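Below, each chain spelled out in residue letters.
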Amino acid sequence: MKIKTIAMPYQDVLALPAQKRRLPKKPSFFFRSLVRILSAGDLKKVRFKYHFVGTEKLGKKEPCLILMNHSCFTDLEIASKIFYPRPYQIVCTSDGFVGKEWLMRCLGCIPTAKFVNDTALVRDMLYAVKKLKTSILLYPEASYSFDGTATPLPSSVGKLLKLLRVPVVMVRTYGAFLRDPLYNALQIRQTEISADVEYLLSPEQIEEKSVQELNAILTERFTFDNFRWQQEHGVLIDEPFRADHLNRVLYKCPHCKTEGKMLGKGTRLICQACGKGYELTEDGYLKALDGETAFTHVPDWYRWERECVRKEIEDGVYSLQIPVKICMMKDTKAIYEVGTGELTHTRDGFRLTGCDGALDYRQKPAASYSLYSDYYWYEIGDMICIGKPDLLYYCFPIGGGDVVAKTRMAAEELFKMESAAK
């Protein structure tokens, strides 16, 4: 899926009127039905099946909060199958509205900026459940998983449950990540998908539990490992491109410690610095082509990279400084291409400069618990996004380089350190 872009000078984008916040619109029955019909083909291909656990406790017209793990675009098709004809709003990233705001609102979508403090979102959600009497579909991780394991949940989710005071239903999918992992550049694999749909919390249970207890429950339920699930269930991914671009996730060689020289192509991941090679097997393991195998499990390698990033920060040597192409979002008419610049990330946070000296934006580590970053974003390129709800900066590294995963991990670790220091 592509997105509308317009080249415009930076100062002209700043001068554009701010996007006005609009109240959520009750999703159209026609469009809900259309999405369900259009999704049927894909779900048939993956032999989608699901089963309910305790959902008989949910009233047919009772608004609820639907929490779902986020693996790929198929998640939306899954939700349309499971919950039809129940009307529900979908909390989604604001850039998803670009060029199609009318359609997104007819579908009941509520825009928000990822990993940015958005107080208006809570008001919109309250309006939906209290006034429109609709349910809400929320992906609390707010981002696709890079390595197939759960991404951090915001501590504010427990507070949200207290405010909404509606039942919580959880949808947990199996196989969706394996079908379309983010790193694999939109190459679809042949695999089956299933889901568990569970009545997780009643309003009474939410009332009696503390925010900390609610967060603990959600964190435990949103703990998963898609590669481990694949191995334990004997799911084979035999596509010859299954390791394409795996270097986006596994960017650092555990043997020579070189970064940015890994190459994922076909079924193999090779370090271009020392020549060490691995195969991503059909059942989801990593196997050295010769000699020592440092990691047999993708998430273990990724976890080691995180430990390396944290040590760099603790030692005071972590630093990112790269040239970037800069785009901005000021409204939903387009993503505006404003020029080039430099993105820096250190212990002090982010700094983005450019546009012939007109742009100088800084963002502290405490601004967010994670980072909106993506691979092959709207088919433009790998991307890092910073900014505020009313003005977002999308940064695309010039000349390539696998910096997206490391930068997101660094942002998360810096936030943890800032929080612990308070």
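As the structure is a prediction and not an experimental result, all values here were calculated from the model.

Some details on empty space enclosed by the protein
- A full pass over the atoms with the stated rule returns 2 cavities of 30 Å³ or more.
- Roughly 130 Å³ of volume is contained in the largest cavity.
- Among the elements of the structure, β15 (349–354), β18 (381–388) and α12 (404–421) are those that each provide at least two residues to the lining of the largest cavity.
- With 3 residues, β18 is the largest single contributor of residues to the lining of the largest cavity.
- For the lining of the largest cavity, a count of residues per class yields 11 nonpolar, 6 polar and 2 charged.
- Size it by volume and the second largest cavity reaches roughly 70 Å³.

Section: the sheet that holds strand β8 (residues 194–201)
- Judged by pairing direction, the sheet is mixed, and its 7 strands sit side by side in the order β2-β8-β7-β3-β6-β4-β5 without closing on themselves. The sheet is open, and its two borders are formed by β2 (49–53) and β5 (109–112), each paired with just one other strand. The average undirected angle you get between the axes of adjacent strands in this sheet is 20°.
- In this sheet, strand β6 (residues 135–138) lies alongside strand β4 (residues 88–93) in parallel orientation, the contact comprising 3 bridges. In the strand pairing of β6, Ile90 is matched with Leu137.
- Against the sheet, helix α3 (residues 74–83) makes contact with β2, β3 (65–68), β4, β6, β7 (168–174) and β8, and its axis sits at roughly 125° relative to β7, the strand it touches most.

Considerations on the sheet that holds strand β9 (residues 262–265)
- The 4 strands are arranged β9-β10-β11-β12 in an open sheet whose pairing can be described as antiparallel. Two strands in the sheet have a free side with no partner beyond their single neighbour: β9 and β12 (286–288). Between one strand axis and the next, the sheet turns by 25° as a mean value, whatever way the strands run.
- The pairing of β9 with strand β10 (residues 268–271) spans 4 bridges and is antiparallel. Bridge pairing in β10 places Lys265 opposite Arg268.

Points about the state of the cysteines
- Within the structure shown, the criterion is met by 0 disulfides.
- Of the cysteine sulfurs around Cys355, a residue in no disulfide, the closest is that of Cys395, at 9.8 Å.
- Here Cys355 falls in the buried class, since its relative accessible area comes to 10%.

Let's talk about a positive patch on the surface
- Together, Lys130, Lys131, Lys133 and Arg165 give the surface a local cluster of positive charge.
- Residue placement: Lys130 occurs in helix α5 (residues 119–132).
- Accessibility expressed as a relative area gives 34% for Lys130, which makes it partly exposed.

Looking at a nonpolar patch on the surface
- Side chains of Phe30, Leu34 and Leu38 sit close together on the surface and give an oily, nonpolar patch of about 320 Å² of accessible area.
- Looking at the secondary structure, you find Phe30 in helix α2 (residues 29–45).

As for α2
- Here α2 is 17 residues long and its end C-alpha atoms lie 25 Å apart, about the 24 Å a rise of 1.5 Å per residue gives.
- For α2, the principal kink sits at Ser39 and spans about 35°.
- Buried within α2 are the following residues: Phe31, Arg32, Ser33, Ser39 and Leu43.
- Contacts from the buried residues of α2 go to α3 and α4 (101–106).
- With a side-chain oxygen lying 3.2 Å from the backbone nitrogen of Phe30, the N-terminal cap of α2 falls on Ser28.

Digging into the nonpolar core
- Leu250, Trp301, Leu343, Leu352 and Tyr393 are the most contacted members of the largest nonpolar core, which totals 64 residues.
- Excluding anything up to four places from it in sequence, Leu352 contacts Val324, Ile326, Glu342, Leu343, Leu359, Asp360, Tyr361, Ile386, Tyr393 and Cys395.
- In this structure, Phe31, Cys92, Ala195 and Tyr199 belong to the second largest nonpolar core, which totals 30 residues.

What counts and what doesn't
- Residues numbered from 1 in each chain as written.
- Predicted model: local features only at pLDDT ≥ 70, side-chain atom pairs only at ≥ 80, totals over all residues.
- Heavy atoms only, no water.
- 1 Å grid on protein atoms, 1.4 Å probe; cavity = no way out; pocket = protein on both sides within 12 Å on 5 of 7 lines; lining within 4 Å.
- Points joined across faces, edges and corners; volume = space filled by probe spheres on them.
- Helix = DSSP H or I, 4+ residues; strand = E, 2+ residues; numbered from the N terminus.
- Nonpolar A, V, L, I, M, F, W, Y, C, P; charged D, E, K, R; others polar.
- Pairing = 2+ DSSP bridges.
- Axes fitted to C-alpha atoms, helices over the stretch in contact; angles between N-to-C directions.
- Contact = heavy atoms within 4.5 Å.
- Disulfide = S-S within 2.5 Å.
- Buried < 20%, exposed > 50% of the residue type's maximum accessible area, 1.4 Å probe, protein only.
- Patch = residues over 30% accessible without salt bridge, like charges linked within 9 Å, V, L, I, M, F, W, Y side chains within 5 Å.
- Areas by Shrake-Rupley, 256 points an atom, 1.4 Å probe, with all protein chains shown as cover.
- Salt bridge = Lys/Arg side-chain N within 4 Å of Asp/Glu carboxyl O.
- Lys, Arg positive; Asp, Glu negative; His and termini not counted.
- Charge placed at Lys NZ, Arg CZ, Asp CG, Glu CD.
- Expected span 1.5 Å × (residues − 1).
- Bend = angle between axes of the 7 residues up to and from the residue.
- Polar contact = N/O pair within 3.5 Å; in protein donor to acceptor, adjacent residues only side chain to side chain.
- Core = buried A, V, L, I, M, F, W, Y, C linked by side-chain atoms within 4.5 Å.

So yeah, pure geometry; function would need other evidence.
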